[in-house]
Amino acid sequence: MPLLLGARVARIDQRLSVEDPNARRALAGFYDIELNPTDVFRWSRPEAALFLFGFDGRPAQVMLRLAAPRDTADAPVVFASMRGRPVGAFAVAPGWRRYYLLTPTDPAGDTPLLLRTAAYRPPGDGRDLGVALSEFAALPVAGSAWLPPLVRTLFLASFPILSWLILVWRQPYRMSVNTWLRWGIVGTLALLSGAAAAFPAVAGFVLPTLGWPWWPLIPLALIVLWRSIHPPPEGVMLRLRAVRSPVVWVGAVSILGLVVALRLGLPPMFGMSGLVAMVALTAAALRLNDGSAVDAVEQPGRRDEALALVFITAVAVVLRLYQLDGLPSGLWRDEARHGLLALRIWNDPEYRPVYVVAGADLPALLFYLMAPVLAVTGPGVGAARLVSALAGAFMPLALWWAARPIVGGRAGLFGAAFLAWASWGLSMSRWAFPATLDHLLELIAFGVMWRALGQPTRWRAIAGMALAGALAALAAYAYHTGRLAPLVFAALTALRLGRDPGVWRRALPALGAATIAGVIVLLPLLTFIVTDFEGYNRRTAAVAIDNAQNFEKRATALAVENVARYLGMWHVAGDPNGRHHAPRAPMLDPLAGACFALGAGLAIANRRSKALAPLLWLALALIPGVFSTNAPHAMRSLGALAPSCMLAGMALDALIRGTTGAGFRQWRHIAPAIVVGVLMVSLAFNVWLYFGVMPRNPAVYNEFDQTETAAGRVARAVAVARDPRLRAVQVFLDRRLIEQDTVRFLTVDLTVGKFDGVRLSEAVTGDALLILSPDASVEERAAALAALGSAARELTPPLLPDGATPLFLAYGNGDAAQHLLDETFSLRRRVQQVYDLDNAASAWVASCSSRSIAVRVSCSWESSSFRRSSS
């Protein structure tokens, strides 16, 4: 009935002028608003799109008010099409005129009307322009109908129908608040479906028909199947309980096999469907053991736990500090800008930013932490990255701190281990970026909060919550994703308190302390936001899906597509950007990924317990990535790494305990070996990927400023050389290099000569070295030799990791210039030799580590088994 009423009163049309606040909903590929004495308009790019909302397969008559002033006499021709189907072509006059088109529309998804025209660049304007648009309207060809088109009707009706099947169907009828609430949800969704039919243009943007026909067919089939087999017959449960241990291990091995198959190219639809099925089966088998494999929180011995934490933290520190100066092999320009800002903070007492808009678009906490490091060590690649590396190195310890009261000490240790060597975490912490800093603060805050709310005395709870609130607020000063920290903190706090009103009343003073402390910490940032709201949101607005220049989909469809990409991020394809991770490689290794999948299934199956906390945290951490472009994005979704590792640790712990319960005591001697094997294979895989594969991949090292970093290294090498002959070498850099941020940072405290393409900035008085960009022209090369004098010669430059391409072109006078290059880049050659022995070294480290950790895990396991036997 609501659908019928909505369709009868619906007004199916779409009208807008380019100055309307909601114009960007329908426009893609258009520049900002411009004014002339008579009109307001937007120039299109040579390729642009207009989106039609609410027609859902019905033909539309489109009106465009266009103009195309040109310097030439020929009028430009606009070619209009809809998903590859030609709609029409017409010439646009220089003055304003209205043009009409009859176009089909898509019954499902968004309908983009694509406009293509030849590029035009007016004098003094660097933009490529198409045509100018001032108004746009779309009207239906036919009149109103009793219902929306069939596909749209089925899509809208699916929401109340599916909610009825989930909440009401086969539920015992009794008059209660729960019953009224269930029916209220069904009725609300029915009314919303009617409202969507009544306002088709708005609903077409907010909720287009997505996923047809898989939605609603697949959810409908799954709900009917689940309701048919739930609860399962007692006989089936008895047989499953009798063989639960083999079922658990067969399921675990199948999950791992499917994760590996997805990495090797198994179609995601089949692979993910099988993965969900095997996770459900394995989680169900684990829960048959009275739920103890999932619900119990078991703590290892304090000594064993402390030793394991020391080992894990040591591994994390080593993996983040090893060759920090050379891997990644070049600075990224943003790293250099961050270093320059840190030095400015140190050197300029008047410069105390809270948020840096120009040159960074970031909160300033990282720059304050980098400042003393760079002041002591001087500008350098490793020095610039040190703060981020240490933040990443201590994240596993912070994860254990947050996870221990939630999933148990041993599961927390497993999760910390997965995090310590995850290639995702290594990639994000081994460069001068604040991406890890806010998550470190969040982890500490969550651990403090969980413990504070369990304190027996009020004042300890108040003090703990004040500290937790301050830490959560401080995360907002680290990176853009830190803005979400207070929301995640509030959600996990609510989950910790549960639904008992009495618990909430007793916690009110502590909650008030957390709120006050958080507001006090946030005051400087809030003040900045009030004074420069646009600057604060400039970067987030630029990458938001609302502003995406996508010619196929709009915001809702893009968000749904992003959700699918992030669901596949762990097993199918990760971030394509080589600066962020190995391009397109899944974000977790196969073993950690398999454990994560099972952990997520256990958390869903056990959603009424504390196990839900990491799953809720994970979902909230994906919000920045889902609602921005370039999904999956390793930096914007980095907050999901810690809860993912927590779930993986929880699954590994539950998997082992679920098969070492009553009747399976023989497994307690095998379990430590299984744990050590899983963790060591995970360690070896991540070390191989980050230190072995990524440095050789052009899609990784070409994302960094290799030439600029190398030129800056040479200039610094002269300043720090012990050999007097090397300190006497005059270094000249190409003018194009010396203006780059990376070179500016590395030479900020040095005086470096400049070559302007013809002459040097100062006379050559002895040995000299001149560095040119590798793409320098033949004339520039000849001029470089001439500027150095008759004794100048071309030198042997260092090479990119491919071993063939020069980092730069080098010319010099005297033997000291070549010797300087050899000394500066001898480390790079040694690193290359280390790469060649990477597999052997990884195997040796893994074998040594396994012998060390096996003793600790075995001791921890035997002591915990003894405690269970004693009890």
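The structure this text deals with has already been given above.
In this text the structure is predicted, and so the values were computed from the model without any measurement.

J.: Can you help me understand the overall build of the protein in this one?
T.: When helices and strands are tallied, the protein shows 37 helices and 16 strands. The C-alpha atoms of the protein give 31 Å as radius of gyration, which agrees with the globular expectation for 871 residues (29 Å, within 12%). Taken along its principal axes, the extent of the C-alpha atoms in the protein is 100 × 85 × 55 Å. When the 871 residues of the protein are sorted by exposure, 54% land in the buried category. Surface accessibility of the protein: about 38200 Å² in total, with carbon and sulfur atoms responsible for 64%. On the protein, the mean spot of the 80 positive side-chain charges and the mean spot of the 60 negative ones are 12 Å from each other.

J.: Help me understand the state of the cysteines, please; the structure alone is not making it clear to me.
T.: A covalent bond between the sulfur atoms of two cysteines is what we call a disulfide. All told, the structure shown has 0 disulfides when counted by the stated rule. Cys645 takes part in no disulfide bond, and the closest cysteine sulfur, belonging to Cys595, lies 10 Å away. A relative accessible area of 2% places Cys645 in the buried class.

J.: I keep staring at the side chain of Arg636 and nothing clicks. Help me out?
T.: In this fold, Arg636 is placed in the loop between helix 27 (623–626) and helix 28 (641–658). Despite being buried, Arg636 has no salt bridge partner; Asp575 is the closest side chain of opposite charge, sitting 8.1 Å away. Side chain to side chain, Arg636 and Ser628 meet in a polar contact 3.3 Å long. Residues contacting Arg636, with those up to four places away along its chain left out, are Thr481, Arg539, Val543, Ala621, Pro624, Gly625, Ser628, Thr629 and Asn630.

J.: Looking at this structure, I do not really get the sheet that holds strand 16 (residues 809–813). What am I missing?
T.: Within a beta sheet, neighbouring strands are joined by backbone hydrogen bonds and run either parallel or antiparallel to one another. Overall, mixed pairing links the 5 strands, which are arranged 13-12-14-16-15 in an open sheet. The sheet is open, and its two borders are formed by strand 13 (753–755) and strand 15 (793–794), each paired with just one other strand. Judged from the 2 bridges that link them, strand 15 and strand 16 form a sheet pairing that is antiparallel. For Arg793, the partnering residue across the bridge sits in strand 16 and is Gly812. Against the sheet, helix 35 (residues 778–788) engages strand 13, strand 14 (768–772), strand 15 and strand 16, with an angle of about 20 degrees to strand 16.

J.: Explain the packing of aromatic side chains to me, please; I cannot follow it from the model alone.
T.: When we look at a pair of aromatic rings, we describe it by the centre distance and by the angle of the planes. With the rule as written, the count across this model stands at 18 aromatic pairs. With 5.6 Å between their ring centres and 35 degrees between their planes, Phe159 and Trp215 make a pair best called tilted. Of this pair, Phe159 sits in helix 3 (residues 150–167) while Trp215 is found in helix 6 (residues 214–229), placing the two residues 56 residues apart along the sequence. In this structure Trp215 comes out as partly exposed when scored by relative accessible area, which is 28%.

J.: Mind showing me how you'd approach the pairing of strand 8 (residues 111–116) here?
T.: Looking along a regular strand, one sees side chains alternate from face to face of the sheet. Burial analysis of strand 8 places 5 of its 6 residues in the buried class, the great majority of the element. Relative to strand 8, strand 3 (residues 40–52) is paired through 6 bridges, and the arrangement is antiparallel. Bridged to Leu50 within strand 8 is Leu113. The sheet contact formed by strand 5 (residues 77–82) and strand 8 spans 3 bridges and is antiparallel. Across the sheet, residue Ser81 finds its bridge partner in strand 8, namely Leu114.

J.: Explain the pattern of salt bridges to me, please; I cannot follow it from the model alone.
T.: Between side chains of opposite charge, pairing is possible as soon as their charged atoms come close. Following the criterion strictly, the structure yields 32 salt bridges and no others. The salt bridge partner of Arg657 is Asp653, with a shortest N-O separation of 3.1 Å. A residue pair is termed a helical-turn pair when its members lie 3 or 4 positions apart in one helix, as Arg657 and Asp653 do in helix 28 at 4 residues. For the pair formed by Arg657 and Asp653, the shared burial category is buried. Residues joined by salt bridges that share partners form a network here, namely Arg83, Arg85, Asp106 and Glu552.

J.: Could you clarify how one ought to interpret helix 26 (residues 612–621) in this entry?
T.: A turn of α-helix holds 3.6 residues, and therefore any two residues three or four places apart point the same way. Across the 10 residues of helix 26, 7 count as buried, placing the element largely inside the fold. Every buried residue of helix 26 is listed here: Ala613, Pro614, Leu615, Trp617, Leu618, Leu620 and Ala621. Buried residues along helix 26 sit in contact with helix 15 (395–407), helix 18 (437–452), helix 20 (485–497), helix 25 (590–605), helix 27 and helix 28.

J.: I'm lost on helix 12 (residues 333–347) in this one. Help?
T.: An ideal rise of 1.5 Å per residue puts 21 Å on 15 residues; helix 12 measures up with 21 Å between its terminal C-alpha atoms. Among the residues of helix 12, Asp334, Glu335, Ala336, His338, Gly339, Leu340, Leu341, Ala342, Leu343 and Ile345 are the ones counted as buried. Lining the buried residues of helix 12 we find strand 10 (355–356), strand 11 (362–363), helix 13 (365–377), helix 14 (381–393) and helix 34 (741–746).

J.: So what exactly am I meant to see when it comes to the packing of helix 13 against helix 14 here?
T.: Packed helices, taken two at a time, are described by their axes: the angle between them and the distance between them. Where helix 13 meets helix 14, the axes come as close as 9 Å, and the angle between the chain directions of the two elements is 140 degrees. In terms of orientation, helix 13 and helix 14 fall into the oblique class. As for the relative orientation of helix 13 and helix 14, their crossing is right-handed in sense. Contact residues: helix 13 offers Leu366, Leu369, Met370, Val373, Leu374 and Thr377, while helix 14 offers Ala383, Ala384, Leu386, Val387 and Ser388. Considering only residue class, the contact of helix 13 with helix 14 consists of 9 nonpolar, 2 polar and no charged.

J.: Even after reading the chapter, I still don't get the pairing of strand 14, so can you show me in this structure?
T.: For strand 14, the buried fraction is high: 5 of the 5 residues fall into the buried class. Taking every second residue as pointing to the same face, both faces of strand 14 are buried, with Ala768, Leu770 and Leu772 on one and Leu769 and Ile771 on the other. One ladder, built from 4 bridges, connects strand 12 (residues 730–734) with strand 14; its direction is parallel. Of the residues in strand 14, the one forming a bridge with Gln730 is Ala768. Pairing geometry for strand 14 and strand 16, over 5 bridges, is antiparallel. Of the residues in strand 16, the one forming a bridge with Leu769 is Gly812.

J.: Teacher, can you tell me more about the nonpolar core here?
T.: Inside soluble globular proteins, nonpolar side chains tend to come together where they are buried. Within the largest apolar cluster, 212 residues are counted, with the highest numbers of intra-cluster contacts made by Leu64 and Trp424. Tallying contributions element by element places helix 28 first for this core, with 12 residues. Other than its neighbours up to four places away in sequence, Leu64 contacts Leu50, Phe90, Arg97, Arg98, Tyr99, Leu101, Leu115, Leu133, Glu135 and Phe136. With 28 residues, the next largest nonpolar core counts Ala710, Ala711, Val731 and Leu821 among its residues.

J.: What should I look at first to understand a nonpolar patch on the surface in this one?
T.: On the surface, Trp214, Ile218, Leu222, Met269 and Phe270 cluster together into a nonpolar patch covering about 600 Å² of accessible area. Looking at the nonpolar patch, the elements with two or more residues in it are helix 6 and helix 9 (268–287). Sorting elements by how many residues they give to the nonpolar patch places helix 6 first, with 3 residues. Relative to the assigned elements, Met269 resides in helix 9.

J.: How do you make sense of the environment of Pro246 when you look at a structure like this?
T.: If you trace the backbone, Pro246 turns up in helix 8 (residues 244–263). As a C-alpha pair, Pro246 and Leu162 span 84 residues in sequence and 36 Å in three-dimensional space.

Basis of the calculations
Residues numbered from 1 in each chain as written. Predicted model: local features only at pLDDT ≥ 70, side-chain atom pairs only at ≥ 80, totals over all residues. Heavy atoms only, no water. Helix = DSSP H or I, 4+ residues; strand = E, 2+ residues; numbered from the N terminus. Rg over C-alpha atoms; globule rule 2.2 N^0.38 Å. Buried < 20%, exposed > 50% of the residue type's maximum accessible area, 1.4 Å probe, protein only. Areas by Shrake-Rupley, 256 points an atom, 1.4 Å probe, with all protein chains shown as cover. Lys, Arg positive; Asp, Glu negative; His and termini not counted. Charge placed at Lys NZ, Arg CZ, Asp CG, Glu CD. Disulfide = S-S within 2.5 Å. Salt bridge = Lys/Arg side-chain N within 4 Å of Asp/Glu carboxyl O. Polar contact = N/O pair within 3.5 Å; in protein donor to acceptor, adjacent residues only side chain to side chain. Contact = heavy atoms within 4.5 Å. Pairing = 2+ DSSP bridges. Axes fitted to C-alpha atoms, helices over the stretch in contact; angles between N-to-C directions. Phe/Tyr/Trp six-rings, centres within 6.5 Å; stacked < 30°, edge-to-face > 60°. Expected span 1.5 Å × (residues − 1). Parallel < 35°, antiparallel > 145°, perpendicular 65-115°, else oblique. Left-handed = near helix turned anticlockwise from the far one by under 90°. Nonpolar A, V, L, I, M, F, W, Y, C, P; charged D, E, K, R; others polar. Core = buried A, V, L, I, M, F, W, Y, C linked by side-chain atoms within 4.5 Å. Patch = residues over 30% accessible without salt bridge, like charges linked within 9 Å, V, L, I, M, F, W, Y side chains within 5 Å.

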